[in-house]
Number of protein chains: 4
Amino acid sequence: MSFNSFGRVFRFTTWGESHGPAIGAVVDGCPPGLELAEADIQPWLDKRRPGTSRFTTQRQEPDQVRILSGVFEGRTTGTPISLMIENVDQRSKDYSEVALAYRPGHADYAYDAKYGFRDYRGGGRSSARETASRVAAAAVARLAIPEIRIRAYLVELGGDAIDRAGFDDAAIDENPFFCPDRAAATRWEAIVDDARKAGSSVGAVVECVAEGVPAGWGAPLYAKLDSELAAAMMSINAVKGVEIGDGFAAARLTGETNADPMRPRQESEGNDGKPVFLANHAGGIAGGIATGQPIVLRVALKPTSSILTHVETIDREGNAAEIRTKGRHDPCVGIRAAPVVEAMMALVLADQKLLHRAQIG
Amino acid sequence: MSFNSFGRVFRFTTWGESHGPAIGAVVDGCPPGLELAEADIQPWLDKRRPGTSRFTTQRQEPDQVRILSGVFEGRTTGTPISLMIENVDQRSKDYSEVALAYRPGHADYAYDAKYGFRDYRGGGRSSARETASRVAAAAVARLAIPEIRIRAYLVELGGDAIDRAGFDDAAIDENPFFCPDRAAATRWEAIVDDARKAGSSVGAVVECVAEGVPAGWGAPLYAKLDSELAAAMMSINAVKGVEIGDGFAAARLTGETNADPMRPRQESEGNDGKPVFLANHAGGIAGGIATGQPIVLRVALKPTSSILTHVETIDREGNAAEIRTKGRHDPCVGIRAAPVVEAMMALVLADQKLLHRAQIG
Amino acid sequence: MSFNSFGRVFRFTTWGESHGPAIGAVVDGCPPGLELAEADIQPWLDKRRPGTSRFTTQRQEPDQVRILSGVFEGRTTGTPISLMIENVDQRSKDYSEVALAYRPGHADYAYDAKYGFRDYRGGGRSSARETASRVAAAAVARLAIPEIRIRAYLVELGGDAIDRAGFDDAAIDENPFFCPDRAAATRWEAIVDDARKAGSSVGAVVECVAEGVPAGWGAPLYAKLDSELAAAMMSINAVKGVEIGDGFAAARLTGETNADPMRPRQESEGNDGKPVFLANHAGGIAGGIATGQPIVLRVALKPTSSILTHVETIDREGNAAEIRTKGRHDPCVGIRAAPVVEAMMALVLADQKLLHRAQIG
Amino acid sequence: MSFNSFGRVFRFTTWGESHGPAIGAVVDGCPPGLELAEADIQPWLDKRRPGTSRFTTQRQEPDQVRILSGVFEGRTTGTPISLMIENVDQRSKDYSEVALAYRPGHADYAYDAKYGFRDYRGGGRSSARETASRVAAAAVARLAIPEIRIRAYLVELGGDAIDRAGFDDAAIDENPFFCPDRAAATRWEAIVDDARKAGSSVGAVVECVAEGVPAGWGAPLYAKLDSELAAAMMSINAVKGVEIGDGFAAARLTGETNADPMRPRQESEGNDGKPVFLANHAGGIAGGIATGQPIVLRVALKPTSSILTHVETIDREGNAAEIRTKGRHDPCVGIRAAPVVEAMMALVLADQKLLHRAQIG
């Protein structure tokens, strides 16, 4: 019942604060024999790394990962894999204002209410910096599910949605927004620039698709794949909503329009005994179990709570105060969330793969 | 790592199939000394019970609960509370069609893909009948959190949303839709009647509010209150989306418009040292921890997959087939989901209350 | 973190008190497709059943088990299996004495200290009656590990040990003591008769051997097979010690005398690539992982705490009192513990089998 | 279901191999507000540290611990505490022999059978070096249970038991054997010297007493304090047996001689409403719950498997081989196990304290 662990068999535990000496993850339950080196993890961290464009925080972190255990002669041994990333750019700034007054939208007040005090430097444990540990752990998870292809990308930013007709998978890595629609990406530059210059921030919606998940992963009833994924996504900073398949839009459909009919696969389609689904309103999950279709989900991310506008608040003594959050911040946390959503998807699916083996005996 | 259990300290396990002899729940971790009798559970089951209006399935189940353990001289003992509900109206119908062909949108194909076969009678384990067990368990959970007031109600049905201006808490129990807007409730009668007569179905959105949750419940990072609630809600049949506070709408706000400013509580407001929040976009949770504001969430329910229209599908041998789902069904599963959403909220919060005590030492 | 559940993948939860209407178990995580009927469970319950000889309690319980869920057309479905056993012979006696004063050696005082009160009828939840639920659950577990042969038997009773030279596997089921040494069994009749007539009780040591466990089950470090087995055995009423292989005697050996040398298996021995071990001081486990040798463990059971001699104690108000425990009791709880030890071994091994699949990927 | 974590609320995860760059532990669930610095941990590590006398391995490890997270301004924050100890003295020796042939009594064969290969350098993950991580984690646990006094010491070494009449608590820290009987300590010098010179090894029995545990900690039935402690102790390298209170000796007592009578505490004894127990055969636990008496347990440790005598074995290809284990080894692993037994006791009790709060609501 660790509060900082996730997963049932493929399980990871993260530790570390934004301004401590380091952050890290311990991956437990990784199968033995997988080839793993730091070079397998680094590219994923680089993708999430801050300071790579003007649209994200200017904090400079090399995010160099070290593997401290669990790998021998280049392969995982089945024992815990300890991953560590040193914090380098903990800018020595004055946190006295944040220490004293609560930033609305941040975890400041809630942490103090729970624990009596908090590490206020850069948000401490509640900082999105922690997500680097997840991305590192997920790089290991990916090795356990080579059959799965996962893609996360933004489908909406600042209320501006992509045009599905313009969806191009190749575009995702070509712009700083993980945006599959080039026209939207261009528009989003202006939106984020405007927000940044105004000291404001905008929200986003990230979509994630996992292809290759075989029918059967997942389990009724309180280990439904839906539940596992929703819990995983809701653990990401700033996420306020999760939907699977058509999600909230499904609530506006009828039984007929929401159906995912099936037909036999033809020989010409490379018949492998698996059906062809004629739609995927369900997002690849029925009754908590994968159907073999792509898993599709979307998560809503609120705008960054750190803004330059003064907001009414209280201080630790309960007196009226005003606060505006100086410092380096992402004008849209949703952007850098895309690699994290992808990471959580990988972590859930690696776990499900191992669980499925145990479940069917 | 039980797949049919939920909760960390206040934990319940459900068992039973739609057409087996009985269903039930074992509640483990309930604190000792709570006054508990079957009469404390029955009203909640009655609220969820099928066949109470023409808008729900006509299956007749008295849903009489029996307490088989864990209570002595009218009080909980701290040992497992076993609750059993006998199935009475398992109509002896012909399931041969369902046994052979997969109903799209149902768990049929996924269960077979996972387990190799399935109990096809009435959906077996995947039937929403299981939710009666949750409602019974939640009745016990409610006794552990007398300080919390929970309300779940429909805010949208068949794409028709309530008017927030017409929100009347008292209306919720006065119509068969748990609808807080009387005008909407009247419109919904027609919508559900139409769907039922057409052999079709409609979706819905249920909102749930919990008042009285003290600041501090919940915990970073993988035991966030958001994650626990999302997992709980996603485990309910037909749920395809969960959002907390403004949820997906928050993705369209800016940092300023999404802020929840705070000010000191005045003496005239009964100053208890807790701040007054000037908004609740966050839905009562920040950083995974309750802020002391009402917890607010919404869940999207797809339209019932059982419809009278023929849908293209395959049979167990992989051959093309057509199926239409006869039998007694809810034209809108979202209606009877409201008491279940409420139940899951109660179950999560009872657990969080106990967890909080352990977390702060 | 259920307190009344055991196992990680193959997991069961028990409920019920000695004098409640029924007791039972919910088995979750059982693989699908196993043939299971009540007739597969009943013989194991009969073996543990009280009142079958003059050497055990005279409580008469038919211990008829009912399967309430999880089985369809004679096979397990992968969903929870609910097992229920009605209590029949809850003799309506006067418990006022036990209700008021604490029986030393029993859980009375500890339960009151923890929970504030207790179900004092027949020991309530702390009664060994609960072990019937485990035996029922284990009957299901056995189906999942047909390759394993498990035997539990008494090697010592009232301080009188068996002669290993007289060990005869066939003898175990031929006497009421599960004793593999016929001469010892004869002596034990007198020991138990004497204890019973004197209103006294005696302790025992149960040994359990599991053959056929393949090398590789178990896992370092906090899921060691040793730890899982020790936890399982220590959960049985009256158990005060567990040792694996040579156990405490190993502490008196040297590195040479405690070694378990290996040599290659010869073709004439049916070479399957597995080594021949020349000793089994380790009891089949090294580094927490099975070596392929028989798993061997022993558990120590204290004498029944219920005796007819007056013992000094206190009452609920803290006043001095005396108590002697009337009623029907086993003069040696160790006897009926043998089937329970066997059951726990089966439950652990079924779990380990499934876990191993998940662990190696 | 992490395999390398222990505890339910106060939970730690260890990582690292004997000859990797570092080892460590992540402590999750530690209450906030406890004063913690590296100086609180270091003395406990020093006590367990190798190379401090001629009776333990000559490996030289400074075992300097670093706190990487979870502490702010000198106090625990309620977030994960990451502890790291660098490995310094990984002597660059030739492991080719160990790599190829299996050392009987070690985990070599079992690891290979499970994982297909292993980190053979110094035992890799199965090395007792891992216990340094536990000792570090336990130093944190101790801060959460200041009311508890824990002492572990050897009561038997090489088959030579202490004389209880000569028990002197003060002696424990005055000799290299954690031996409370000065005369025995003198005898043990010769025993260990002889074993070391002969390239042999001896076993030991460690006893551990925890005073100050209030009545009520622990819980029936599968979270019994007995089970938690037994699992904890069995996870320690070389442990083959655990007994609580009189343990195996209790199996030779009668109900009368095993009873722990109670009487009221007199005013002159500082009456606090708690009874005086007239014996402690139960070792402070009844029905899985602490009685308020001292918790007493003993663990049996086998002789070190690493000996200089040639032992018959097989190599990785299954061929006959001989092996003798060169290198630096403890002639009696039981000696350095005492601080580890103490650590595990502290870790279990810190967990139980937090759990108890959650259990009683």
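The rules behind the values
- Residues numbered from 1 in each chain as written.
- Chains lettered and ligands numbered in written order.
- Predicted model: local features only at pLDDT ≥ 70, side-chain atom pairs only at ≥ 80, totals over all residues.
- Heavy atoms only, no water.
- UniProt positions renumbered as here; feature names shortened; annotations may be inferred.
- Phe/Tyr/Trp six-rings, centres within 6.5 Å; stacked < 30°, edge-to-face > 60°.
- Helix = DSSP H or I, 4+ residues; strand = E, 2+ residues; numbered from the N terminus.
- Buried < 20%, exposed > 50% of the residue type's maximum accessible area, 1.4 Å probe, protein only.
- Contact = heavy atoms within 4.5 Å.
- Buried area = accessible area lost by both parts, 1.4 Å probe.
- Salt bridge = Lys/Arg side-chain N within 4 Å of Asp/Glu carboxyl O.
- Polar contact = N/O pair within 3.5 Å; in protein donor to acceptor, adjacent residues only side chain to side chain.
- Nonpolar A, V, L, I, M, F, W, Y, C, P; charged D, E, K, R; others polar.

Chain A carries the name Chorismate synthase in an unreviewed UniProt entry, which gives Sphingomonas montanisoli as its organism. Of chain A, the UniProt comment under Pathway (unreviewed entry) reads exactly: "Metabolic intermediate biosynthesis; chorismate biosynthesis; chorismate from D-erythrose 4-phosphate and phosphoenolpyruvate: step 7/7." Quoted straight from UniProt, the Catalytic activity (unreviewed entry) entry for chain A says "5-O-(1-carboxyvinyl)-3-phosphoshikimate = chorismate + phosphate".

**Q** Help me out: how do you make sense of the packing of aromatic side chains in this one?
**A** Geometrically, a pair of aromatic rings is defined through the distance of the ring centres and the angle of the planes. Residues and elements named next belong to chain A. Using the criterion set out here, one finds 42 aromatic pairs over all chains in the structure. Ring centres of F177 and W188 lie 6.2 Å apart, and the angle between their planes is 80°; on these two criteria the pair is classed as edge-to-face. One end of the pair, F177, is in the loop between β9 (160-161) and α5 (182-197); the other, W188, is in helix α5, and eleven residues separate them in sequence. Its relative accessible area of 0% is what places F177 among the buried residues.

**Q** Hey, could you run me through the interface of chain A and chain B in this one?
**A** Interface size is commonly expressed as the accessible surface area that is lost when the partners come together. Between chain A and chain B, the contact holds 104 residues from the first and 104 residues from the second. For the pair chain A and chain B, the summed buried area comes to about 7800 Å², and 64% of that belongs to carbon and sulfur atoms. On the chain A side of the interface with chain B, the three residues burying the most area are A:K114, A:Y222 and A:K240, jointly 12% of the side's total. A salt bridge links A:E156 to B:R252; the shortest N-O distance between them is 2.6 Å. Put simply, chain A and chain B have 41 residue pairs in polar contact (both at pLDDT 80 or more) between them. Here the residues of the side of chain A that touches chain B sort into 56 nonpolar, 30 polar and 18 charged.

**Q** When you look at the interface of chain A and chain C in this model, what are you seeing that I'm missing?
**A** Opposite the ten residues of chain A that make contact, chain C presents ten residues. Here chain A meets chain C over a buried area of about 960 Å², counting both sides, of which 70% is carbon and sulfur. At the junction of chain A and chain C, the tally comes to zero salt bridges. Put simply, chain A and chain C have two residue pairs in polar contact (both at pLDDT 80 or more) between them. Along the lines of polarity and charge, the residues of the side of chain A that touches chain C split into seven nonpolar, two polar and one charged.

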